[in-house]
Structures are given as C-alpha cells and as structure tokens.
Amino acid sequence: MASTPNTNLRGFNHAVQTLLRNPSQFLPHLTIPTFTHLPEQLGPHLHRQPPGEKPAATAAATKSPTIRALVLDKDNTLCPPKTTTFPPQILDKLSALRTSPTSPFNQSTAPDSILIVSNRAGSHPRFDAEVREIEDQLSSLRIPVFRLPEGSEKKPFCGKEVMDWFRKRGVVTRADEIAVVGDRLGTDVLMAAMMGSWSVWCRDGVYEGVDPNKGRPNMNILERMEIWIEKYLRESRGLKAPLPRGWESQ
C-alpha cells in the first residue's frame, strides 16, 4: 500500500534528534502572537543586543539583518488548518506588506519577495486544487505557492529548493536575507535554522487574543509539546536561537 503523501515521519525524527543534539535550533529569533503582528521592517526585531549586556566589540555584532524575502507557512499561520480560508485580518496584513510604499516586500518594487511554503498545499499533486484556490484569492497581491519539486522532501528539508527559487529570481544572494514565518517549531523554525535563515514563530496560529498559559484552541499533542519545549529551553535552560551561520561575517 502506498504511503500517505502528507506524512512527514522523517521530519519528526529530525526534530527529536535536534532536541537531543542541538536544542537551541528549535528556538525562533522572534516570537509574535499571530502573523498580523509581523513588523514591516523586520530586521531590527530579529537581532538586538539584550538589555544590560556589554556593548559588542564589533559593529557586525550589533547590525540589523536585511530581510529581502519572506517564506510563509499556510496552515495555522495564514489560514485555519486544512483550509484555504484567509481571516480578514490576515488578508489585511498581506495587503499592507504588498502595497505599503515603505515595505521591503512591496509587489511593485519586490514582486517575488513573498512565497507560501506549505507541507500541504504545493507539497503533492493531490493538493493542487488548494494551490489554485490560494493563488486565485491572492492574485491581486501576486503571492505564489511553492511547488515542491519532484523527488524533494517537505519542510524542514526543502530549504535548498526554496533558496534556489528566490535566487533564480534575483531576490536574495544569501540565506540570511530570508525570514521563515510559521506556527511550528519542528518544521518552520527548524527549516530556517537548517537554511541559515531567520525564523519568526507565530505562537498562537491564526487565533487572536489567546491566553499563552492555555494555548490556542484545537491544538494537537505535538503542538502542545512544542509550546512546552520552547518555554523550557528558553526559561529553564536559558537558551536562545543561534544566529544564522556566517551572518556576522557578511
């Protein structure tokens, strides 16, 4: 019997191995409640010297990243899981990013700067109808869905293919010019770490006003575990997300 196209057992195993060997890669560079809270000028929010820390010895250590491209998750970041329904506030945010004259992701000045990368839509031909629905809804904003090349693996393993997509269109030259935005630590945040990119964690998915102590509605066991693990690594272990490899030397 053929395996289910949308399973990601290798991704789960890799997440577990990362937690055992290099747990800091599980932590995001920036945590926001939902996508609507994403700063337009993202760079300064991704890397800042903590209060009370001694001044850095070099200018490179305190510089802000230059973000030229966004990789956006779909399920529970832009839409409720397994749907193509964009909440109004999400559409408003996407529109602002694509139309604001000060946005680095303005569709007139940077038309290929936003790409939806999902482990559902675009990951297998069985979800082609979802891809068409999404792209039809976002046609005025010119935001495409990434089609995973045949033989490639889903997040967190498709970083090279995503990087190639942006590079071929002249958007970026380095992975640290990309920010990956999503609700899952074990796929979105971990893919950013593997790519050498920056990560933004949408902790509450698409739900506004969530109590951080209770979590968002309808969470599965893996999602609940990720929230507990993030808090444990950050608060009890004192870990923080590592900077993208080679970024400070640029």
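Before reading further, recall that the structure is shown in the block above.
Thresholds, definitions, all that
Residues numbered from 1 in each chain as written. Predicted model: local features only at pLDDT ≥ 70, side-chain atom pairs only at ≥ 80, totals over all residues. Heavy atoms only, no water. Axes fitted to C-alpha atoms, helices over the stretch in contact; angles between N-to-C directions. Helix = DSSP H or I, 4+ residues; strand = E, 2+ residues; numbered from the N terminus. Left-handed = near helix turned anticlockwise from the far one by under 90°. Contact = heavy atoms within 4.5 Å. Polar contact = N/O pair within 3.5 Å; in protein donor to acceptor, adjacent residues only side chain to side chain. Patch = residues over 30% accessible without salt bridge, like charges linked within 9 Å, V, L, I, M, F, W, Y side chains within 5 Å. Areas by Shrake-Rupley, 256 points an atom, 1.4 Å probe, with all protein chains shown as cover. Salt bridge = Lys/Arg side-chain N within 4 Å of Asp/Glu carboxyl O. Pairing = 2+ DSSP bridges. Buried < 20%, exposed > 50% of the residue type's maximum accessible area, 1.4 Å probe, protein only. Right-handed = clockwise from strand over helix to strand, strands pointing away. Core = buried A, V, L, I, M, F, W, Y, C linked by side-chain atoms within 4.5 Å.

### As for the packing of helix α1 (residues 9-21) against helix α7 (residues 185-195)
- Look at α1 against α7: their axes get within 11 Å of each other, and the N-to-C directions meet at 65°. Like other packed secondary-structure pairs, α1 and α7 cross with a definite hand, here left-handed. Judged by residue contacts, H14, A15 and T18 of α1 engage G186, L190 and M194 from α7.

### Overview of the side chain of D183
- Topologically, D183 is positioned in the loop between β4 (178-182) and α7.
- A distance of 3.4 Å separates the side chain of D183 from the side chain of N76, its partner in a polar contact.
- In contact with D183, other than residues within four places in its own chain, are D73, D75, N76, T77, D188, W201, C202, G205, R216, E223 and E226.

### With respect to a nonpolar patch on the surface
- Together, L9, F12, V16, L20, I221, L222 and M225 make up a nonpolar patch on the protein surface, roughly 710 Å² of accessible area in all.
- Looking at the nonpolar patch, the elements with two or more residues in it are α1 and α8 (221-236).
- Sort the elements by how many residues they give to the nonpolar patch and α1 lands first, with 4 residues.
- Locating F12 in the fold gives a position in helix α1.

### Here we look at the sheet that holds β4
- Sheet architecture is open: 5 strands sit in the order β1-β5-β4-β2-β3, paired in parallel fashion. Lying at the two open borders of the sheet, with one neighbouring strand each, are β1 (30-32) and β3 (114-116). When strand polarity is set aside, the average angle formed by the axes of neighbouring strands in this sheet is 20°.
- In the sheet, strand β2 (residues 69-72) pairs with β3 via 3 bridges, with the strands oriented parallel. From the neighbouring strand, L70 faces β3, where its bridge partner is I114.

### Quick notes on the pairing of strand β5 (residues 198-202)
- Across the 5 residues that make up β5, a large majority, 5, are buried.
- The alternating pattern of β5 places W198, V200 and C202 and S199 and W201 on opposite faces, both of which are buried.
- Two strands pair when backbone bridges link them, and β1 and β5 are joined in this way by 3 bridges, in the parallel orientation. Opposite I32, over in β5, you have C202 as the bridge partner.
- Note: β4 against β5, 4 bridges, orientation parallel. Across the sheet, the residue bridging to A179 is W198, located in β5.
- You can see the chain leave β4, run along α7 and come back into β5, and the turn it takes is right-handed.

### A short note on α7
- Taken across its 11 residues, α7 has 9 buried, putting it largely inside the fold.
- Along α7, the positions that sit buried rather than exposed are L185, G186, T187, D188, V189, L190, M191, A192 and M195.
- On its buried face, α7 sits against α1, β2, α6 (159-168), β4, β5 and α8.
- One or two steps after α7, the chain reaches G196, where phi turns positive at roughly 90°.

### Description of the nonpolar core
- In this structure, F35, L38, L42, L70, L72, L78 and L94 are the most contacted members of the largest nonpolar core, which totals 31 residues.
- Sorting the residues of this core by element identifies β1, β2, α4 (88-99), β3, α5 (128-137), β4 and β5 as the ones contributing at least two each.
- Those residues in contact with F35, other than ones at most four positions away along the chain, are L72, T77, L78, I90, K93, L94, L97, V181, C202 and G205.
- With 19 residues, the next largest nonpolar core counts A175, V180, M191 and M195 among its residues.

### Quick word on unusual backbone geometry
- Of note, the bond from K155 into P156 is cis; its omega dihedral lies within 30 degrees of zero at 10°.
- Structurally, the position occupied by P156 is in the loop between α5 and α6.
- Backbone geometry places K82, a non-glycine residue, at a positive phi of 60°.
- Here K82 is to be found in the loop between β2 and α4.
- K82 sits in the exposed class, given a relative accessible area of 62%.
- Of note in the backbone geometry, R142 takes a positive phi value of approximately 55° without being a glycine.

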